[in-house]
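# Understanding the architecture of this molecule
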Amino acid sequence: LHRLPPGWRPTQALWLPDQEARYVRITGARRALEVQAPSPTDWTDRNAPLKALAAAAPRSHHPRALHGEQNYWTVVGVDGGGAHSALLSEDGAIEPHRAGPSIEPLVIDAQGRARGWAEVQAEGRSTTRLREGHLPLPQVQWQHPAFGLQIDAGAEGTRGQAQLIARYTLHNPSAQAQRLTLALLLRPWQVNPPQQFLNTPGGLAEVRRLQWQGGVLQVNGRPWLRALDAPAQVRAASFDAGDVLDGAAPRLTRLDDPQGLASARLDWPMDLAPGESRTITLALPLAGQPAPPQDSADAAARLDTVAAAWRTRLNRVQFTLPPEALL
């Protein structure tokens, strides 16, 4: 049984998008049930359930790729990192492992309004850039009338021992104090969109098991994220239990989802004075078991070191000209 889009009731319909779901047995039913077969397109599109949910939910609750829009991204990795590189989308979503789940930002105000890439696009401005204009440490910046959010990402280490450091700086641009919450959502889809093939199909990414312990979020039995700044709460929901953004999701210790489409939510509420900013830092292993930064200050210093190394490596262009060209 697959979760139905908001507004549908299980007593009205069963949606069976999987080709294997050919036989249905209903026990104890007191009302007639209509069983509708999936279309041939649904049979071949494993992202069909996610696209249907995206169409019925607020736009920022799902990436633009699930709305049929093109999303742009860049690679973040260490020098010579090869396959052990992350993707950062123009909307601030990070996919640390190829074909794996991603983590996406939302900003929630004191009234509970969640704003993400779509609201920033409609009501403010979103920009992307590289550190110092050319170093491979990308930045995504949201400028909204109610808040600002800057995401800085960079990878440190070696090909065999590498990690991504991500810093989220939330800013209060208003003249009044505000309570804002940075929510980071682990989602069962890639930054790589369904419309694109990067040696693997894009879109859906399997999340069968989630566990939160000691500041580390484990996904499918492996350490996936370390929060250097402790979140106020970590919640999770299986696919059939509803959207983790609905507010009813239980606190996470361990969750198993037989459908492999679980989600998690990490919240950092902040009381920000006018003009004040606060930074939250994550470390996401890319390869091996790298030693994480001790705290946010250490993480910032490590990114400065990474930038200095890239600056030395890239700023080497020289031109050799004959003497007469110098006259």
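Residues numbered from 1 in each chain as written. Predicted model: local features only at pLDDT ≥ 70, side-chain atom pairs only at ≥ 80, totals over all residues. Heavy atoms only, no water.

## Side note on the overall build of the protein
For the protein, the helix and strand inventory stands at four helices and 19 strands. Taking all 327 residues of the protein together, the buried fraction comes to 50%. Partitioning the contacts of the protein with sequence separation of at least 6, the portion at a separation of at least 24 is 63%. In the structure as shown, the protein presents an accessible area of about 16,600 Å², 50% of it carried by carbon and sulfur atoms. (Helix = DSSP H or I, 4+ residues; strand = E, 2+ residues; numbered from the N terminus. Buried < 20%, exposed > 50% of the residue type's maximum accessible area, 1.4 Å probe, protein only. Contact = heavy atoms within 4.5 Å. Areas by Shrake-Rupley, 256 points an atom, 1.4 Å probe, with all protein chains shown as cover.)

## Describing the nonpolar core
Membership of the largest hydrophobic core comes to 49 residues, with the highest contact counts inside it found for Tyr168, Leu170, Leu182, Leu210, Leu225, Trp268 and Leu282. Residues contacting Leu282, with those up to four places away along its chain left out, are Ile103, Leu164, Ile165, Ala166, Tyr168, Leu184, Leu225, Arg226, Ala227 and Trp268. (Core = buried A, V, L, I, M, F, W, Y, C linked by side-chain atoms within 4.5 Å.)

## Focus on the pairing of strand β9 (residues 135–144)
In terms of residue burial, β9 counts as a mostly covered element, since seven of its ten residues are buried. In this sheet, β9 lies alongside strand β8 (residues 125–131) in antiparallel orientation, the contact comprising seven bridges. Each bridged residue has a counterpart across the sheet, and for Leu130 the counterpart in β9 is Pro138. Taking the residues that link successive antiparallel strands as the turn, the β8-β9 hairpin has three residues, and the phi of Glu132 there is positive, at about 60°. (Pairing = 2+ DSSP bridges.)

## Some thoughts on helix α4 (residues 296–314)
With 19 residues, α4 should cover 27 Å at 1.5 Å per step; its first-to-last C-alpha distance of 27 Å lies within 8% of that length. Taken residue by residue, α4 has Ser296, Ala299, Arg302, Leu303, Val306, Ala307 and Trp310 as its buried positions. Taken down its axis, α4 places every buried residue within 145° of arc, on the same side. Exposed positions of α4 whose direction lies more than 90 degrees from the buried face are Ala297, Thr305 and Thr312. Those residues of α4 that are buried are in contact with β8, β9, β10 (147–157), β11 (162–171) and β19 (277–287). Between the side-chain oxygen at the start of α4 and the backbone nitrogen of Ala297 there is a gap of 3.2 Å, and the oxygen is on Asp295. (Expected span 1.5 Å × (residues − 1). Arc of directions from axis to C-beta. Polar contact = N/O pair within 3.5 Å; in protein donor to acceptor, adjacent residues only side chain to side chain.)

## What to know about the side chain of Ser238
By the element assignment, Ser238 lies in the loop between β16 (233–237) and β17 (254–256). Ser238 gets classed as buried once you look at its relative accessible area, which sits at 16%. Those residues in contact with Ser238, other than ones at most four positions away along the chain, are Leu255, Asp257 and Ala262.

## A word on the environment of Arg187
Along the chain, Arg187 falls in strand β12 (residues 178–187). With relative accessibility at 3%, the residue Arg187 sits in the buried group. In sequence terms Arg187 and Val207 are 20 residues apart; their C-alpha atoms lie 8.2 Å from each other. Contact partners of Arg187, with chain neighbours within four places excluded, come to His61, Pro101, Ser102, Glu104, Asp243, Val244, Leu245 and Ser263. A polar side-chain atom of Arg187 sits 3.3 Å from a polar atom in the side chain of Asp243.

## Brief notes about the sheet that holds β9
Across the sheet, which stays open at both edges, the nine strands sit in the order β8-β9-β10-β11-β19-β15-β14-β13-β17 with antiparallel pairing between neighbours. The two strands at the open ends of the sheet, each matched to only one other strand, are β8 and β17. Shown here is a sheet whose adjacent strand axes are inclined to one another by a mean of 15°, direction ignored. Across the face of the sheet, α4 comes into contact with β8, β9, β10, β11 and β19 while running at roughly 125° to β9. (Axes fitted to C-alpha atoms, helices over the stretch in contact; angles between N-to-C directions.)

## Structural notes on unusual backbone geometry
Phi at Glu132 takes a positive value of approximately 60°, unusual for a residue other than glycine. Relative to the elements of secondary structure, Glu132 occurs in the loop between β8 and β9. Taking the relative accessible area as the measure of exposure, Glu132 reaches 46% and is therefore partly exposed. Unlike most non-glycine residues, Asn220 shows phi in positive territory, near 55°. Along the chain, Asn220 turns up in the loop between β14 (216–219) and β15 (222–227).

## A short note on empty space enclosed by the protein
The probe, sized like a water molecule, is rolled over the atoms to show the empty space still left. Taken as a whole and assessed by the stated rule, the structure comprises two cavities of 30 Å³ or more. One number sums up the size of the largest cavity: a volume of about 160 Å³. Taken together, 18 residues make up the lining of the largest cavity; nearest its centre are Pro63, Asp91, Ala93, Glu104 and Trp117. It is strand β6 (residues 102–108) that contributes the most residues to the lining of the largest cavity, four residues altogether. The residue makeup of the lining of the largest cavity, split by class, is nine nonpolar, six polar and three charged. The space that makes up the second largest cavity amounts to roughly 40 Å³. Every residue lining the second largest cavity is listed: Pro63, Ala65, Leu66, Trp189, Gln190, Val191, Pro193, Pro194 and Gly203. Partitioned by chemical class, the residues of the lining of the second largest cavity number seven nonpolar, two polar and no charged. (1 Å grid on protein atoms, 1.4 Å probe; cavity = no way out; pocket = protein on both sides within 12 Å on 5 of 7 lines; lining within 4 Å. Points joined across faces, edges and corners; volume = space filled by probe spheres on them. Nonpolar A, V, L, I, M, F, W, Y, C, P; charged D, E, K, R; others polar.)

## Quick word on the confidence of the model for the protein
Mean pLDDT for the protein: 87, with 86% of residues reaching 70 or above. Note that pLDDT drops below 50 for residues 29–43; the model gives that stretch 17 contacts with residues more than four away or on any other chain. (pLDDT = per-residue confidence, 0-100.)

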